Amino acid sequence: MAREKLEPAAEAEATPERSYREQLDFLNPIAQPLASRKLTRKLYKCIRKAAKHKQIRRGVKEVQKFINKGEKGITVLAGDTLPVDVYCHIPIMCEDRSLPYAYVPSKSDLGAAAGSKRPTCVIMIKPHEEYQENYDECLEEVSALPLPL
């Protein structure tokens, strides 16, 4: 009489992963500067390492609070978040405080990289000595991205 549970393989088939190219179709008009495929992978890897050491800030409210407090780090925003009014002020705050930021194509992938089943639209990665080399590499590449006009 109990409902049957779907096997993990069946669930994976129900929600197929979209490629980077397919995710670009769902971007917001404000998603600039957008991380390349290679940089997106590096950012996800850095987020995974930072999440292990509890060195990330997740969500608009938390990231906004710590940007205002003057915390340093790389801000990663999801490019497929709608409506854009939810987080369109975050890039402006980052520019005012000279913090590097970049957009990645998918909020579900961003949430998964942080170790959550829930999608998230903004994450701030804080520096830590355990993954400093990876962090510095991401920081250099994100800083090199051209800012929107």
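This one's a predicted model, so the numbers in the text were calculated from it and none came from an experiment. The residue count restarts for each chain, going from 1 along the sequence in the order it is written. Since the coordinates come from a predicted model, pLDDT governs what is reported: local features require at least 70, and pairs of side-chain atoms require 80 or more to be given and counted, while whole-chain, interface and lining totals use all residues. To get the side-chain values, take all heavy atoms of the structure and skip hydrogens and water.

**Observations concerning unusual backbone geometry**
Moving on, step 1. The amide bond that connects Gln-32 to the next residue, Pro-33, takes the cis arrangement and shows omega of 0 degrees.
Moving on, step 2. Each helix corresponds to a stretch of at least 4 residues labelled H or I by DSSP, and each strand to a stretch of at least 2 residues labelled E; elements are numbered beginning at the N terminus. Turning to its location among the elements, Pro-33 is positioned in the loop between α2 (20-23) and α3 (37-52).
Moving on, step 3. With an omega of -10 degrees, the peptide bond between Leu-82 and Pro-83 qualifies as cis.
Moving on, step 4. Phi angles above zero are rare outside glycine, and Lys-54 is one such case at about 55 degrees.
Moving on, step 5. Within the secondary structure, Lys-54 is located in the loop between α3 and β1 (56-58).
Moving on, step 6. Residue exposure (1.4 Å probe, protein chains only): buried if accessible area is under 20% of the type maximum, exposed if over 50%, otherwise partly exposed. For Lys-54, a relative accessible area of 68% gives the class exposed.
Moving on, step 7. Positive phi values are uncommon outside glycine, yet Ser-98 reaches one of about 55 degrees.
Moving on, step 8. Take Ser-98: it is sitting in the loop between α5 (90-96) and β3 (101-104).
Moving on, step 9. Under the relative-accessibility criterion, Ser-98 is labelled exposed at 63%.

**Side note on α3**
In an α-helix, one turn spans 3.6 residues, which is why side chains three or four residues apart end up on the same side.
Moving on, step 1. Expected helix span is computed as 1.5 Å times (number of residues minus one). The terminal C-alpha atoms of α3 lie 23 Å apart, and with 16 residues this matches the ideal 22 Å at 1.5 Å per residue to within 8%.
Moving on, step 2. Those residues of α3 that fall on the buried side of the exposure criterion are Leu-39, Thr-40, Lys-42, Leu-43, Tyr-44, Cys-46, Ile-47, Ala-50 and Ala-51.
Moving on, step 3. The positive-phi residue at the C-terminal boundary of α3 is Lys-54, with phi of around 55 degrees.

**Regarding the pairing of strand β2 (residues 74-78)**
Moving on, step 1. Counting buried positions along β2 yields five of five residues, so the element is predominantly enclosed.
Moving on, step 2. Both faces of β2 are covered, namely the face carrying Ile-74, Val-76 and Ala-78 and the face carrying Thr-75 and Leu-77.
Moving on, step 3. At least two bridges found by DSSP between two strands are what make those strands a pair. Where β2 lies against strand β4 (residues 122-125), four bridges are found, and the strand directions are antiparallel. Counted as the bridge partner of Ile-74 is Ile-125 from β4.
Moving on, step 4. Alignment of β2 against β3, held across four bridges, turns out to be parallel. Bridged to Leu-77 within β3 is Tyr-103.
Moving on, step 5. Clockwise travel from the first strand over the helix to the second, with the strands pointing away from the viewer, marks a crossover as right-handed. Read from β2 through α5 to β3, the crossover connection turns out right-handed.

**Regarding the packing of α3 against helix α7 (residues 132-144)**
Moving on, step 1. Axes, fitted as lines to C-alpha atoms, cover a helix only where it is in contact. Angles between the N-to-C directions of the axes lie from 0 to 180 degrees. Taken N-terminus to C-terminus, the directions of α3 and α7 make an angle of 140 degrees; their axes are 10 Å apart at the nearest point. Taken together, the axis directions place α3 and α7 in an arrangement best described as oblique. When you trace α3 past α7, the crossing you get is left-handed. Taken together, the residues of α7 that come into contact with α3 (itself represented by Leu-39, Lys-42, Leu-43, Lys-45, Cys-46 and Lys-49) are Asn-134, Tyr-135, Glu-137, Cys-138, Glu-141 and Val-142. By definition in this entry, angles of less than 35 degrees are roughly parallel, angles greater than 145 are roughly antiparallel, angles of 65 to 115 are roughly perpendicular, and the rest are oblique. Handedness of a crossing is defined here by the sense of rotation of the near helix relative to the far one, left-handed for an anticlockwise turn of less than a right angle and right-handed for a clockwise turn. Two residues form a contact once any of their heavy atoms are found within 4.5 Å.

**So, the nonpolar core**
Moving on, step 1. Core analysis: the biggest nonpolar cluster contains 39 residues, and Leu-43, Ile-90 and Ile-125 have the highest contact counts within it.
Moving on, step 2. Secondary structure elements with two or more residues in this core: α3, α4 (60-68), β2, α5, β3, α6 (107-113), β4 and α7.
Moving on, step 3. Looking at this core element by element, the count peaks at seven residues for α3.
Moving on, step 4. Ignoring anything within four residues of it in the chain, the contact list for Ile-125 reads Leu-43, Cys-46, Ile-47, Ala-50, Gln-55, Gly-73, Ile-74, Val-76, Tyr-131 and Tyr-135. Nonpolar cores were defined as sets of buried Ala, Val, Leu, Ile, Met, Phe, Trp, Tyr and Cys residues, with membership established by side-chain atoms within 4.5 Å.

Without other data, these values stay purely geometric and don't point to any function.
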